[in-house]
Amino acid sequence: MPTREQITYFGAGPALLPSTVLETAAEALVNYNNTGLGLAEHSHRSELATNILNETKTDLAKYLDVPDDYEILFMQGGGSGEFSATVYNLVNVWVARRKQKILKELNIPEGKEIPEDVLLKELQKAVDEELKVDYLVTGSWSLKASQEAARLIGPEHVNIVADARKVNDGKFGKIPEESTWKLSKNPAMVYYCDNETVDGVEISGFPEVLKPTGGEDDPIVVADMSSNILSRRIPVKNFSLIFFGAQKNLGSTGITVVIIKKSLLPPAVATLAPTLLRKLGLPIGPIVFSYETIAKNNSLYNTLSIFDVYIAGQVLKKLLQTFPDKVDGQQKLADQKAKLIYAALDKYPESYKIVPDKNARSRMNICFRVTHLASGIDESERTFLKGATDQGLTGLKGHRSVGGIRASNYNSISLEGAEKLAKYIEEYAQGPK
Ligand SMILES: O=C(O)C(=O)[C@H](O)COP(=O)(O)O
Ligand SMILES: N[C@@H](CCC(=O)O)C(=O)O
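Conventions and cut-offs
- Residues numbered from 1 in each chain as written.
- Chains lettered and ligands numbered in written order.
- Predicted model: local features only at pLDDT ≥ 70, side-chain atom pairs only at ≥ 80, totals over all residues.
- Heavy atoms only, no water.
- UniProt positions renumbered as here; feature names shortened; annotations may be inferred.
- Near = heavy atom within 4 Å.
- Polar contact = N/O pair within 3.5 Å; in protein donor to acceptor, adjacent residues only side chain to side chain.
- Areas by Shrake-Rupley, 256 points an atom, 1.4 Å probe, with all protein chains shown as cover.
- Helix = DSSP H or I, 4+ residues; strand = E, 2+ residues; numbered from the N terminus.
- Nonpolar A, V, L, I, M, F, W, Y, C, P; charged D, E, K, R; others polar.
- Expected span 1.5 Å × (residues − 1).
- Buried < 20%, exposed > 50% of the residue type's maximum accessible area, 1.4 Å probe, protein only.
- Contact = heavy atoms within 4.5 Å.
- Pairing = 2+ DSSP bridges.
- Axes fitted to C-alpha atoms, helices over the stretch in contact; angles between N-to-C directions.
- Core = buried A, V, L, I, M, F, W, Y, C linked by side-chain atoms within 4.5 Å.
- Phe/Tyr/Trp six-rings, centres within 6.5 Å; stacked < 30°, edge-to-face > 60°.

Within an unreviewed UniProt entry, the label attached to the protein chain reads phosphoserine transaminase, and the organism entered is Mollisia scopiformis. As its UniProt record puts it under Sequence similarities (unreviewed entry), the protein chain is described as follows: "Belongs to the class-V pyridoxal-phosphate-dependent aminotransferase family. SerC subfamily." Listed under Cofactor (unreviewed entry) in UniProt, the entry text for the protein chain is "pyridoxal 5'-phosphate".

Caption draft 1: How the structure looks around the site of ligand 1. Close to ligand 1 lie Gly78, Gly79, Ser80, Trp141, Thr197, Ser226, Gln247 and Lys248, which account for all nearby residues. One of the side-chain N or O atoms of Trp141 is found 3.3 Å from an oxygen atom in ligand 1. One of the side-chain nitrogen or oxygen atoms of Thr197 is found 2.2 Å away from an oxygen atom of ligand 1. For ligand 1, whose free accessible area comes to 350 Å², the fraction covered by protein is 80%. No other element matches helix 3 (residues 78–105), which puts 3 residues into the shell around ligand 1. Class assignment of the residues belonging to the shell around ligand 1 gives a composition of 1 nonpolar, 6 polar and 1 charged.

Caption draft 2: Structural context of helix 2 (residues 47–64). Along its 18 residues, helix 2 runs 26 Å from first to last C-alpha, staying within 8% of the 26 Å computed at 1.5 Å per residue. Residues Ala49, Ile52, Leu53, Thr56, Lys57, Asp59, Leu60, Tyr63 and Leu64 constitute the buried set of helix 2. In this fold, the buried residues of helix 2 make contact with strand 2 (70–75), strand 9 (241–245), strand 10 (256–261), helix 8 (306–322) and helix 9 (327–346). Phi turns positive, to about 55°, at Asp65, one or two residues after helix 2.

Caption draft 3: Spotlight on the sheet that holds strand 12 (residues 365–370). Across the sheet, 3 strands lie side by side as 11-12-14; this open sheet has antiparallel pairing. This sheet does not close on itself; its edge strands, each paired only once, are strand 11 (352–354) and strand 14 (405–408). Each adjacent strand pair in this sheet contributes to an overall mean axis angle of 35°, direction not counted. Where helix 9 meets the sheet, its contacts fall on strand 11 and strand 12, and the angle it forms with strand 12 comes to roughly 15°.

Caption draft 4: Seen up close, unusual backbone geometry. Omega for the bond connecting Gly13 with Pro14 falls within 30 degrees of zero, at 5°, which places this linkage in the cis form. Mapping Pro14 onto the fold places it in the loop between strand 1 (8–9) and helix 1 (19–30). With an omega of 10°, the peptide bond between Pro266 and Pro267 qualifies as cis. Tracing the backbone through its elements, the reader meets Pro267 in the loop between strand 10 and helix 6 (274–279). In this model, Asn33 sits at a positive phi of 45°, which is unusual for a non-glycine residue. Secondary-structure assignment places Asn33 in the loop between helix 1 and helix 2. A relative accessible area of 58% means that Asn33 is categorised as exposed.

Caption draft 5: Summary view of the nonpolar core. If you look at the biggest cluster of nonpolar residues, it comprises 54 residues, and the most contacted ones within it are Tyr63, Leu64, Tyr192, Leu230, Ile242 and Ile259. Residue contributions to this core peak at 10 residues, all from helix 8. One finds Tyr88, Leu143, Val158 and Phe172 within the second-largest nonpolar core, a separate group that totals 50 residues.

Caption draft 6: Representation of the packing of aromatic side chains in the model. In the structure shown here, the tally under the stated rule is 13 aromatic pairs. Taking 5.7 Å as the distance between ring centres and 85° as the angle between the ring planes, the aromatic pair formed by Phe368 and Phe384 counts as edge-to-face. Of this pair, Phe368 sits in strand 12 while Phe384 sits in helix 10 (residues 377–390); the two residues are 16 residues apart in sequence, bridging distant segments of the chain. Between Phe384 and Tyr428, the ring centres sit 5.3 Å apart and the planes meet at 80°, which makes this aromatic pair edge-to-face.

Caption draft 7: Layout of the site of ligand 2. In the region of ligand 2, the neighbouring residues are Ala12, Gly13, Trp141, Thr197, Val198, Lys248, His399, Arg400 and Arg406. Take Arg400: an N or O atom from its side chain is 2.6 Å from an oxygen atom of ligand 2. Measuring from an oxygen atom of ligand 2, one finds a side-chain N or O atom of Arg406 at 2.4 Å. When the free accessible area of ligand 2 is taken as 290 Å², the share hidden by the protein chains comes to 73%. Here the shell around ligand 2 is built from residues that sort into 3 nonpolar, 3 polar and 3 charged.

Next up, the structure:
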């Protein structure tokens, strides 16, 4: 039976966690801080739970330099839950803002009620003719998110800004040129996935066309950063909302973090009455997906796994201790590890084919095919995986939907782990054909 030290696990998520964090968490699970009770047994409403929650929020904000006008929420439901939650909440914001605009245009004197049928007619017209959510589809996760939006509010309201498959022979692997993106006028959000785990594609920086200018018409930008959060500096202030499941770079499966601009929450935006949404034919989200509700209750509207928040908090403490320059330090290391692995693959073009284009390569999920053996790709990949497992390099199988090999280079992969993989990649390529 191997020990933890003998294994380097390159799985795509859940992913490797630092051993020291797991050891501390294991103790906390049995007897937290000599309370005689394990952390998973303590009430999420206890003082110690609130302290863990608040400390984790503070450390996350510190590590990523999250500005004060953002709220950090701990939610449940994973990335997929957020595919739905973003739609419910941001469509609500769009309609609420439109309602304000209509009231202003109708010039209704302060305190005077507008006849409900007039407002409803105007709002319905706006929804029918103008409501759009924009999706940049660069891989299977953003595709899934766009499909969920179409399921919830109807495909007529979903605008695909660009579909990467259209510029890459029907497959993901490229980021379409920004000049080709077809953005809607005033959409409820522009959504993209910063790193596509399955397809190994990462957007290298904040898109130029979405940069805010400070005007009223700045786009509401939403990003799924489930698989690259905490691995590089991000200009948080350019986003209206960022979300990420914990199970890659932050912690264990069970919590999803949302960083949301306060201007999207009450009192800045009024919540619409469910009856109004119903009349407009728009969906009403589950209460546990309401950002307003979760924010109002400091993430404790219902039972939250404080144990998972604790693990995330311990990971953040470790990161803050390891990198005095915070996420910039981690970014340097992440880049260095990714470079090592890509360089080994690039050195043997006859043995390996990297899936995405060079300028779309993910630093987190390195996807490639093995073409080394004359007997074919299947046999090459089988022997590659077998040889890797024999050396303790595991979790390298590509996602079931695309096959191939995928080395997930999340934060807990050490430099030595990345070096070991790069060395194996070279060794395998030098082996018999
Ligand atoms: O982005 C990824 O990679 C993911 O694994 C998704 O965030 C996973 O979504 P859920 O399974 O948490 O819904
Ligand atoms: N996050 C993992 C697992 C997703 C899944 O299998 O549903 C991946 O992208 O491979």
